[in-house]
Amino acid sequence: TADHGGHGREHGSEDPRSVTIPWIAWGRDVGPPGEIDEEIHTTDTAATALWLLGVPVPERYAGAPVVAAFDPTALVDSLAGDTEGIERRRENTE
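All values derive from a computational prediction rather than experimental measurement.

A. Here's a closer look at the overall build of the protein. Across its full length, the protein carries four helices and zero strands. Counting from the amino terminus, the protein carries its helices and strands in the arrangement α-α-α-α. Looking at the protein as a whole, 23% of its 94 residues are labelled buried. Long-range contacts, defined here as pairs at least 24 residues apart, represent 49% of the contacts in the protein between residues at least 6 apart. Working note: accessible area of the protein is about 7,000 Å², and carbon and sulfur atoms make up 53% of it.

B. Structural detail: the layout of surface pockets. By volume, the largest pocket is sized at about 590 Å³. The wall of the largest pocket is formed by 21 residues, among which Trp23, Ile24, Ile36, Glu38 and Ile40 lie closest to the centre. Residues that form the lining of the largest pocket fall into these classes: 13 nonpolar, five polar and three charged.

C. Highlighting the pattern of salt bridges. The final tally for this structure, using the stated rule, is one salt bridge. Salt-bridge contacts for aspartate 29 lead to arginine 28; the nearest nitrogen and oxygen are separated by 3.5 Å. When its relative accessible area of 75% is taken as the criterion, arginine 28 is described as exposed.

D. The arrangement of the side chain of threonine 48 in detail. The topology assignment puts threonine 48 in helix H2 (residues 43-52). We classify threonine 48 as buried; its relative accessible area is 4%. Only 2.7 Å separates the side chain of threonine 48 from the backbone oxygen of aspartate 44, close enough to count as a polar contact. Setting aside chain neighbours within four positions, we find threonine 48 in contact with Trp23, Ala64, Pro65, Val66 and Phe70.

E. Fine view of unusual backbone geometry. Positioned with a positive phi, aspartate 29 is a non-glycine residue whose angle comes to about 70°. Looking at the element boundaries, aspartate 29 is found in the loop between helix H1 (16-19) and H2. Classification of aspartate 29 as buried rests on a relative accessible area of 19%.

F. Examining the environment of phenylalanine 70 more closely. You can see phenylalanine 70 is positioned in the loop between H2 and helix H3 (77-80). Phenylalanine 70 gets classed as buried once you look at its relative accessible area, which sits at 8%.

Procedures and definitions
Residues numbered from 1 in each chain as written. Predicted model: local features only at pLDDT ≥ 70, side-chain atom pairs only at ≥ 80, totals over all residues. Heavy atoms only, no water. Helix = DSSP H or I, 4+ residues; strand = E, 2+ residues; numbered from the N terminus. Buried < 20%, exposed > 50% of the residue type's maximum accessible area, 1.4 Å probe, protein only. Contact = heavy atoms within 4.5 Å. Areas by Shrake-Rupley, 256 points an atom, 1.4 Å probe, with all protein chains shown as cover. 1 Å grid on protein atoms, 1.4 Å probe; cavity = no way out; pocket = protein on both sides within 12 Å on 5 of 7 lines; lining within 4 Å. Points joined across faces, edges and corners; volume = space filled by probe spheres on them. Nonpolar A, V, L, I, M, F, W, Y, C, P; charged D, E, K, R; others polar. Salt bridge = Lys/Arg side-chain N within 4 Å of Asp/Glu carboxyl O. Polar contact = N/O pair within 3.5 Å; in protein donor to acceptor, adjacent residues only side chain to side chain.

Set out below in structure tokens:
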């Protein structure tokens, strides 16, 4: 996670410099380096950690696992199972 801190003396605006932060995944089963073509929210970080641990993401939680950051051929079946729930949560946050 990161605290982007805003820009200049401003904080909390809709300026891309205030709302865009890096989201970096590193480790076993992470896909090849590059950009992900989906919007990632800060709340997705916790959902991704739960998903990787095999813990169900609560239905009411706003975030969704960032599945696109991982190599689908390397993930074990227990981690890749809840794609329908992931899509449902993703649609609720947009």
